[in-house]
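# Architecture at a glance
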Amino acid sequence: MAKLPDQTISTIFRTIFRLQQRLVALLDTATAAEYSLLQQFGDTEETMPELEAIDNVKERLRIPYNRLHRILQQVAESQPAATTDVLDFLYRTIAETEAAADGSEASIREIKRSWNLP
């Protein structure tokens, strides 16, 4: 692992793990909403926009999940120390991931509310 203060490494790992947990939970919520929508209303012209929106949400969640994994690996392989560019990319990725999770959560909540889904 690149030479970083232990506190920084711990904070990075906790933050990334928390975000990945949140992304997985949101993927589960989106998939459950998709399943409920299909079970209750079917794959119809009326449900198609929401089903496509759910697919888009899931993709918006998968991308940052994978990006976090890759950037953490990049930090681990940086020797003797992580470059400023790598760390800047990591912190930017964390911020973008939080924004994507917030937006995705709002989208899922709105679809569930519109269709009265559990």
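All of the points below concern the structure found in this document. (Residues numbered from 1 in each chain as written. Predicted model: local features only at pLDDT ≥ 70, side-chain atom pairs only at ≥ 80, totals over all residues. Heavy atoms only, no water.)

To continue, consider the environment of Ala-106. Here Ala-106 is to be found in helix H3 (residues 84–114). For the pair Ala-106 and Ser-78, spaced 28 residues apart in sequence, the C-alpha separation works out to 36 Å. (Helix = DSSP H or I, 4+ residues; strand = E, 2+ residues; numbered from the N terminus.)

The next subject is the environment of Arg-109. Relative to the helices and strands, Arg-109 is located in helix H3. Arg-109 sits in the partly exposed class, given a relative accessible area of 43%. Along the sequence, Arg-109 and Arg-92 sit 17 residues apart, while their C-alpha atoms lie 26 Å from each other. (Buried < 20%, exposed > 50% of the residue type's maximum accessible area, 1.4 Å probe, protein only.)

Turning our attention to the packing of helix H1 (residues 6–41) against helix H2 (residues 48–77). It is the contact of H1 with H2, at a shortest axis distance of 10 Å, that shows an interaxial angle of 160°. Our classification of the angle between H1 and H2 gives roughly antiparallel. Two packed elements cross with a definite hand, and for H1 against H2 that hand is left-handed. (Axes fitted to C-alpha atoms, helices over the stretch in contact; angles between N-to-C directions. Parallel < 35°, antiparallel > 145°, perpendicular 65-115°, else oblique. Left-handed = near helix turned anticlockwise from the far one by under 90°.)

With that settled, the discussion passes to the pattern of salt bridges. Going through the model one piece at a time under the given rule, you end up with seven salt bridges. Of the charged contacts in the structure, one is a salt bridge between Asp-102 and Arg-22, with a shortest N-O distance of 2.7 Å. Separated by 80 residues along the polypeptide, Asp-102 in helix H3 and Arg-22 in helix H1 bring together distant segments of the chain. Judged by relative accessible area, Asp-102 falls into the partly exposed class, the value being 43%. Exposure remark for Arg-22: the relative accessible area of 24% places this residue in the partly exposed category. (Salt bridge = Lys/Arg side-chain N within 4 Å of Asp/Glu carboxyl O.)

Between its first and last C-alpha atoms H3 spans 45 Å; for 31 residues at 1.5 Å apiece the expected length is 45 Å, and the two agree. Taken as a whole, H3 has its buried residues at Val-86, Leu-87, Leu-90, Thr-93, Ile-94, Thr-97, Ala-101, Ser-104, Ile-108 and Ile-111. If you follow the buried residues of H3, they end up packed against H1 and H2. Note on H3: the residue one or two positions beyond its end, Asn-116, has a positive phi of about 55°. (Expected span 1.5 Å × (residues − 1). Contact = heavy atoms within 4.5 Å.)

Our next topic: the side chain of Glu-34. Structurally, Glu-34 can be placed in helix H1. At a separation of 2.8 Å, a polar atom in the side chain of Glu-34 contacts the side chain of Lys-58. Apart from residues lying up to four places away in sequence, Glu-34 is in contact with Leu-51, Ile-54, Asp-55 and Lys-58. (Polar contact = N/O pair within 3.5 Å; in protein donor to acceptor, adjacent residues only side chain to side chain.)

Another point: H2. Counted at 1.5 Å a residue, the expected span for H2 with its 30 residues is 44 Å, and the 44 Å between its end C-alpha atoms agrees. Of the residues making up H2, those classed as buried are Glu-50, Leu-51, Ile-54, Val-57, Lys-58, Leu-61, Pro-64, Leu-68, Ile-71, Leu-72 and Val-75. Buried residues belonging to H2 abut H1 and H3.

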